[in-house]
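Chain and residue survey
Residues per chain are reported as follows:
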Amino acid sequence: MTDQANPPAVKKLFIKTYGCQMNVYDSQRMAEAMGADGYVLTEDQADADMVLLNTCHIREKAAEKLYSDLGRLKPLKAERPDLKIGVAGCVAQAEGEEIVRRMPLVDLVVGPQTYHRLPAMVRGEAPAILTDFPPEDKFDHLPARTSLNRATRRAPAAFLTVQEGCDKFCAFCVVPYTRGAEVSRPVDRILREARDLVDRGVREITLLGQNVNGWHGAGSGGEWGFGRLIRALGGIEGLDRIRYTTSHPNDMADDLIAAHRDVPQLMPYLHLPVQSGSDRILRAMNRKHTAAGYLRLIDRIREARPDIMLTSDFIVGFPGETDGDHQDTMRLVAEVGFGTAFSFKYSPRPGTPAHDRPEVDSRVADQRLQELQGLLTKQQKAAQEGMVGRALGVLFEKPGRQAGQMIGKSDYLHSVFVDAPQAQVGDLVRVRIVESASNSLRGELAA
Ligand code: SF4
């Protein structure tokens with residue numbers, strides 16, 4: 001426990017965050033937890049008293065990347081043996097003791113469900129390797145978000161994890177093994193955390209979960225689904241924007257689709273991974289939805305919110321994928337028209353059902369990926385150019401490089417550069433878009 005009369009000496013914590021937004025959120029919460037023990041964040045690894053690598057297992061060669069980063073820390077640890085080195089996140093969960101065996105310079109290994117115990121681990125009051133799934137809820141043991149500003153900068157947009165883990169078991173994915181079964185956080189804790197964030201100046205919250213739209217919980221009047229939660233969040237005064245990610249098509253319930261129509265704070269933007277346009281491949285992936293089902297869902301969502309922008313994820317070259325399957329994907333993309341999308345060549349993840357399946361020839365998969373990305377890039381460009389002339393809300397997140405310039409995010413998550421010498425970070429303004437650049441927009445303050 002921290003003694004308030006004798007605050008701990010300030011120490012510096014450097015966190016490197018790999019991968020997804022949930023890891024960004026987890027890094028913030030670990031920084032807050034360590035802040036109670038006197039740690040402040042530094043951006044200079046060489047100056048840190050503790051280096052924490054918060055890893056992600058989704059992308060290719062995640063463990064190799066971790067070990068090579070740890071190798072680069074060897075000279076720093078040799079120079080300053082007191083430097084604490086910790087590994088957190090999904091690779092920590094998957095590799096456990098193996099990390100310390102291969103890299104003895106590592107002092108601590110902590111999984112995604114146990115990071116509330118990080119301060120105790122650093123103090124030597126808890127085991128140095130904790131990768132179990134503990135009975136307690138880590139969120140009950142983390143400091144309130146109001147302490148965030150001790151450790152991190154204020155920002156008008158924040159993440160809030162509402163759900164963790166996944167029961168879907170897609171054949172390519174490690175999440176059900178590293179993050180465990182689906183768990184939804186209780187309604188009251190989510191609403192309290194959201195209010196805390198708004199009280200400290202946050203105007204936009206992105207709700208996070210590996211399967212965020214599968215969230216459910218007991219609220220007033222019975223069981224709530226995710227749409228009901230969004231309606232409740234929409235009632236918080238000062239919370240101007242709500243987003244959520246990442247969703248599964250099968251969990252897009254009627255009430256959630258209706259929330260896109262009814263809740264003005266819910267931004268007209270939805271990331272809805274489909275992965276493939278071929279039913280044969282969707283079956284092999286164990287996605288439990290079809291291409292036609294996905295398209296019907298998109299129609300219903302667009303009916304509820306005609307101006308919504310859709311984004312998605314694609315895996316190209318999944319084991320067994322033929323040219324015909326790939327063309328099914330191309331047709332689905334052409335039919336939907338995405339604002340942007342993430343597309344990757346399949347690579348096997350250890351421990352997943354698809355790991356040992358025969359792989360598609362790498363050059364063939366490369367060609368398919370190129371073809372898909374060509375179409376997605378065209379769609380992205382068209383979507384951005386379609387913004388020119390429109391007046392959009394923009395939430396300013398930071399000053400630009402040029403004097404008087406601000407950079408913010410549009411309703412559709414585009415970065416927008418605006419000349420606004422009188423504006424401040426945190427202002428939410430109307431901006432007329434005047435130009436589309438490669439990955440951003442330029443706008444002028446609307447009258
Ligand atoms: S829905 Fe599939 S891809 Fe998404 S986290 Fe769960 S298993 Fe992984």
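Residues numbered from 1 in each chain as written. Predicted model: local features only at pLDDT ≥ 70, side-chain atom pairs only at ≥ 80, totals over all residues. Heavy atoms only, no water.

1. Brief notes about the pattern of salt bridges
Under the counting rule described, the total for this entry stands at 34 salt bridges. A salt bridge links K168 to E182; its shortest N-O distance comes to 3.6 Å. Of the two residues, K168 sits in the loop between β8 (163–164) and α8 (175–178) while E182 sits in the loop between α8 and β9 (183–184), which places them 14 residues apart along the sequence. You can call E182 partly exposed: its relative accessible area is 24%. (Salt bridge = Lys/Arg side-chain N within 4 Å of Asp/Glu carboxyl O. Helix = DSSP H or I, 4+ residues; strand = E, 2+ residues; numbered from the N terminus. Buried < 20%, exposed > 50% of the residue type's maximum accessible area, 1.4 Å probe, protein only.)

2. Some words on helix α9 (residues 187–199)
With 13 residues, α9 extends 18 Å from end C-alpha to end C-alpha; this agrees with the ideal 18 Å at 1.5 Å per step. Among the residues of α9, those classed as buried are V187, I190, L191, E193, A194, D196, L197 and V198. (Expected span 1.5 Å × (residues − 1).)

3. Quick look at the packing of aromatic side chains
If you walk through the whole model with that rule in mind, you get six aromatic pairs. Between F172 and F318 the ring centres are 6.3 Å apart and the planes differ by 80°, which places this aromatic pair in the edge-to-face class. Remark: F318 occurs in the loop between β15 (309–316) and α14 (323–336) and F172 occurs in the loop between β8 and α8; sequence separation between them is 146 residues. There is no split in this pair, since F172 and F318 are both buried. Taking the centre distance of 5.0 Å and the plane angle of 80° together, the rings of F226 and Y244 count as edge-to-face. Here F226, found in helix α10 (residues 226–234), pairs with Y244, found in strand β13 (residues 241–245); they are 18 residues apart in sequence, far enough to count as distant. For F226, a relative accessible area of 3% translates into the label buried. Taken together, the ring pairs in this structure connect F172, F318 and Y346 into an aromatic cluster. A cation over an aromatic ring shows up here: R102 above the ring of Y67, its NZ or CZ 3.7 Å from the ring centre. (Phe/Tyr/Trp six-rings, centres within 6.5 Å; stacked < 30°, edge-to-face > 60°. Lys NZ or Arg CZ within 6 Å of the ring centre and 35° of its normal.)

4. Side note on the packing of α10 against helix α11 (residues 254–262)
The interhelical angle for the contact between α10 and α11, taken along N-to-C directions, is 30°, at an axis separation of 7 Å. As the angle between them shows, α10 and α11 are arranged roughly parallel. Between α10 and α11 the crossing geometry is left-handed. On α11, the residues touching F226, G227, R228, I230 and R231 of α10 are D255, L256, A258, A259 and D262. Here the residues of the contact of α10 with α11 are counted per class, giving five nonpolar, one polar and four charged. (Axes fitted to C-alpha atoms, helices over the stretch in contact; angles between N-to-C directions. Parallel < 35°, antiparallel > 145°, perpendicular 65-115°, else oblique. Left-handed = near helix turned anticlockwise from the far one by under 90°. Contact = heavy atoms within 4.5 Å. Nonpolar A, V, L, I, M, F, W, Y, C, P; charged D, E, K, R; others polar.)

5. A word on the packing of α14 against helix α15 (residues 362–385)
Between α14 and α15, the shortest axis-to-axis distance is 10 Å and the interhelical angle comes to 5°. One finds that α14 runs roughly parallel with respect to α15. Counting all contacts with α14, which are made through D323, H326, Q327, T329, M330, V333 and A334, the residues of α15 involved are R368, E371, L372, L375, L376 and Q379. Of the residues that constitute the contact of α14 with α15, the class distribution is six nonpolar, four polar and three charged.

6. A short note on the domain arrangement of the protein
The domains assigned to the protein are domain 1 (11–138), domain 2 (139–385) and domain 3 (391–445). The C-alpha centroid of domain 2 is placed 26 Å from the C-alpha centroid of domain 1. Counting residues at the interface gives 31 residues for domain 1 and 35 residues for domain 2. Together, the buried faces of domain 1 and domain 2 total about 2900 Å²; carbon and sulfur atoms form 58% of this surface. The largest share of the area that domain 1 buries against domain 2 comes from M22, Y25 and E32, three residues that together contribute 23% of it. Our count for the domain 1 to domain 2 interface comes out at three salt bridges. It is helix α1 (residues 21–35) that contributes the most residues to the side of domain 1 that touches domain 2, twelve residues altogether. (Domains from an automatic or database assignment. Buried area = accessible area lost by both parts, 1.4 Å probe.)

7. Brief notes about the sheet that holds β15
Spatial ordering of the open sheet is given by β14-β15-β16, a layout of three strands whose pairing is parallel. This sheet does not close on itself; its edge strands, each paired only once, are β14 (269–271) and β16 (340–345). Sheet twist, expressed as the average angle between the axes of neighbouring strands with direction ignored, equals 10°. Direction of pairing for β14 relative to β15: parallel, over a ladder of three bridges. Bridge pairing in β15 places H271 opposite T311. Sheet contacts for α15: β15 and β16; angle to β16, the most-contacted strand, approximately 175°. (Pairing = 2+ DSSP bridges.)

8. Some remarks on the side chain of R241
Relative to the assigned elements, R241 resides in strand β13. Accessibility expressed as a relative area gives 1% for R241, which makes it buried. Reaching out from R241, the side chain makes a polar contact with the side chain of E204 at a distance of 3.0 Å. At a separation of 3.0 Å, a polar atom in the side chain of R241 contacts the main-chain carbonyl oxygen of G393. Setting aside anything within four residues of it in sequence, one finds R241 in contact with R203, E204, I205, Q265, M267, G393, V394, L395, K409, S410, D411 and L428. (Polar contact = N/O pair within 3.5 Å; in protein donor to acceptor, adjacent residues only side chain to side chain.)

9. With respect to the UniProt feature "binding site: [4Fe-4S] cluster 2" (unreviewed entry) in the protein
Here the UniProt feature "binding site: [4Fe-4S] cluster 2" (unreviewed entry) sits at C166, C170 and C173. Among the structural elements, C166 can be located in the loop between β8 and α8. On the basis of relative accessible area, C166 is assigned to the buried category, the value being 10%. Setting aside chain neighbours within four positions, we find C166 in contact with V175, P176, G180, A181, E182 and N211. Relative to the helices and strands, C173 is located in the loop between β8 and α8. The exposure class assigned to C173 is buried, which follows from its relative accessible area of 16%. Residue contacts for C173: discarding those within four places in its chain leaves I58 and T352. (UniProt positions renumbered as here; feature names shortened; annotations may be inferred.)

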